[in-house]
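Listed below are the residues making up each chain.
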Amino acid sequence: MVKPLNLERGTRDKDGQWWNERESSAFIFVNFVNRKFAKFVNHVVSHRNHQIKVSSVNLRFRGTAVNQGFVKKIAKYVFAHDVQKLSVHQISRDTVCPPCLFGSKSLKHFTLICNTSKTRLDFPALTTLRLNCFKLTWGDGDGDGDLFSKCVNLKKLTLECFQVHKVFDIITPRLCSLILNQGYCSKTMNVIAPKLQNLTMLHCTIGNLNVSPQKLASFCYTSWVGLCVTPHFSNHGFHSLNKASICLLCMHDSYKAYKEEDARKTINMLQKLHSVKYLTLGAETLECISSFPDLLSHHSSPFSNLICLTIDYSMMENKDVAYKKVKMSTEATNFLLHNSPTATLIMKSPKRTHNTCQFLSKTKTE
């Protein structure tokens, strides 16, 4: 097992800094704040045992001019030694990350928590990518938005706290998992990923999301009531959807004035998941569609392959009260379960005190 050097506060160097040297699986550099410290770390890196392979680097820095130059030196060292895992966290937001961080022939796992950068990613071996606090402002059809074209082996992509102000394409031929978390896109986001199996959307506001779901096996969707933005799935339909989770959340417990448009969007989304086998609905999702029985009565049940339906109360405020109050209406029952009469219905209570296995006629409680 390779155990490269790790630096932590603990012992004093000749310039008065306290550090502790121990064996670990990575270099960890925290908060570069002065020239003496940068000089010290540069000395350590230059004189380490280069026969020991560096497997990962965790780089955390502030966006000062001193640290920008130091980051370039570290990046040069990292990529020269074929590091496979890199995590970069820029603490301040006043400057952008140096472009030198965005290209490596050997890097396989990359996490970037950083300010805006228009530099394209050049990681031909990369399989896992996480971008946090990233702003994508480049334009339509001019090639600037082609962020992932050189990440030809990318399989797992996570975009968090992102802002996209124009049409944005995610073209990744080998992508299997996509997570969109707390993001904003003012126009259209096109996901062109023929091997996509897992799609997660958490509190995202996207003008229009186009996804081709032929091989999608898992779909997780969470949004605030009133901000529900339904993904647009292509006409190919689902063929292998195994699990789906739909959860609408109220900003506070007193807000229960569900709008018909919210219910309509939710019903339309559920209809697109017609082939799902294991479906989980948040209690507020159930409450939303149950508030409009006339709307539900105009739709037949889309689920013919359903094995298990779970109603989850765990994310609601005043969970115990909600568990007793929120019930499934007759219209909601027919919409969700009419064409899957042997499906198991699980009511997932907040306390989760016991597990029993019962079928639809004897609702299961957790």
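One structure accompanies this document, and this report is about it. This structure is a prediction, so every number in the text was calculated from the model and none was measured.

**Observations concerning the overall build of the chain**
So, step 1. Within the chain, the secondary structure is distributed over 7 helices and 22 strands.
So, step 2. Per-residue burial for the chain yields a buried fraction of 47% across its 366 residues.
So, step 3. Working note: accessible area of the chain is about 17700 Å², and carbon and sulfur atoms make up 51% of it.

**Concerning the nonpolar core**
So, step 1. Counting 92 residues, the largest nonpolar core has F110, F148, L180, M189, F219 and L336 as the members making the most contacts within it.
So, step 2. With sequence-adjacent residues up to four places away left out, L180 is seen in contact with L159, F162, M189, T200, M201, L202, C204, I206 and L209.

**A short note on helix α4 (residues 283-290)**
So, step 1. In terms of burial, α4 is largely enclosed, as 8 of its 8 residues are buried.
So, step 2. Within the sequence span of α4, burial applies to A283, E284, T285, L286, E287, C288, I289 and S290.
So, step 3. Tucked inside the fold, the buried residues of α4 contact β18 (243-249), α3 (260-272), β19 (278-282), α5 (293-297), β20 (308-312) and α7 (330-337).

**Considering the pairing of strand β11 (residues 168-171)**
So, step 1. Judged by which residues are buried, β11 turns out to be one-sided: F168 and I170 face inward and are buried, whereas D169 and I171, on the alternate face, are not.
So, step 2. In terms of strand pairing, β11 meets strand β13 (residues 184-192) through 4 bridges, oriented parallel. Paired with F168 across the bridge in β13 is M189.

**Quick word on the side chain of S104**
So, step 1. Counting through the fold element by element, S104 comes out in the loop between β5 (85-90) and β6 (109-113).
So, step 2. For S104, a relative accessible area of 4% gives the class buried.
So, step 3. In terms of polar contacts, S104 uses its side chain to reach the backbone amide nitrogen of L107, at 3.1 Å.
So, step 4. Apart from the residues within four sequence positions on either side, S104 is in contact with F79, D122, F123 and P124.

**Looking at the pairing of β20**
So, step 1. For β20, the buried fraction is high: 5 of the 5 residues fall into the buried class.
So, step 2. In the sheet, β19 pairs with β20 via 5 bridges, with the strands oriented parallel. Looking at the pairing, Y278 lines up with C308 of β20.
So, step 3. As defined by bridge partners, β20 adjoins strand β21 (residues 344-348) across 5 bridges and the pair is classed as parallel. From the neighbouring strand, I311 faces β21, where its bridge partner is M347.

**Focus: the packing of aromatic side chains**
So, step 1. A complete count under the given rule lists 4 aromatic pairs for this structure.
So, step 2. Aromatic pair F110 and F123: ring centres 5.1 Å apart, planes at 50 degrees, arrangement tilted. With F110 in strand β6 and F123 in the loop between β6 and β7 (128-132), the pair connects residues that are 13 residues apart, well separated along the chain.
So, step 3. Seen in terms of ring centroids, F303 and F335 are 6.3 Å apart; in terms of plane orientation they differ by 80 degrees. Their pairing is edge-to-face. Of the two residues, F303 is situated in the loop between α5 and β20 and F335 in helix α7; the sequence distance between them amounts to 32 residues. No difference in accessibility class separates F303 from F335, as the two residues are buried.

**Some thoughts on a positive patch on the surface**
So, step 1. Residues K155, R174, K195 and K215 make up a contiguous surface patch of positive charge.
So, step 2. Structurally, K195 is set in the loop between β13 and β14 (198-202).

**Structural notes on α7**
So, step 1. Among the residues making up α7, those that are buried are A332, F335, L336 and L337. Taken around the axis of α7, the buried residues stretch over an arc of 165 degrees, which confines them to a single face.
So, step 2. At its buried positions, α7 is contacted by α3, β19, α4, α5, β20 and β21.

**Topic: the environment of I246**
So, step 1. Within the secondary structure layout, I246 lies in strand β18.
So, step 2. For I246, a relative accessible area of 1% puts it in the buried group.
So, step 3. With 37 residues separating them in the primary sequence, I246 and A283 have C-alpha atoms 9.7 Å apart.
So, step 4. When near neighbours in sequence (up to four residues on either side) are disregarded, I246 contacts F219, Y221, M269, L270, L273, T280, L281, G282 and T285.

**Here's the deal with the pattern of salt bridges**
So, step 1. In total, this model carries 3 salt bridges according to the counting rule given.
So, step 2. The closest approach of N and O atoms between E160 and R130, which form a salt bridge, is 2.6 Å. Placement of E160 in strand β9 (residues 156-160) and of R130 in strand β7 is noted, with a sequence separation of 30 residues between them.
So, step 3. Judged by its relative accessible area of 13%, E160 is buried.
So, step 4. A residue is classified by how much of its surface remains accessible, and R130, at 31% relative accessible area, is partly exposed.

Parameters at a glance
Residues numbered from 1 in each chain as written. Predicted model: local features only at pLDDT ≥ 70, side-chain atom pairs only at ≥ 80, totals over all residues. Heavy atoms only, no water. Helix = DSSP H or I, 4+ residues; strand = E, 2+ residues; numbered from the N terminus. Buried < 20%, exposed > 50% of the residue type's maximum accessible area, 1.4 Å probe, protein only. Areas by Shrake-Rupley, 256 points an atom, 1.4 Å probe, with all protein chains shown as cover. Core = buried A, V, L, I, M, F, W, Y, C linked by side-chain atoms within 4.5 Å. Contact = heavy atoms within 4.5 Å. Pairing = 2+ DSSP bridges. Polar contact = N/O pair within 3.5 Å; in protein donor to acceptor, adjacent residues only side chain to side chain. Phe/Tyr/Trp six-rings, centres within 6.5 Å; stacked < 30°, edge-to-face > 60°. Patch = residues over 30% accessible without salt bridge, like charges linked within 9 Å, V, L, I, M, F, W, Y side chains within 5 Å. Salt bridge = Lys/Arg side-chain N within 4 Å of Asp/Glu carboxyl O. Lys, Arg positive; Asp, Glu negative; His and termini not counted. Charge placed at Lys NZ, Arg CZ, Asp CG, Glu CD. Arc of directions from axis to C-beta.

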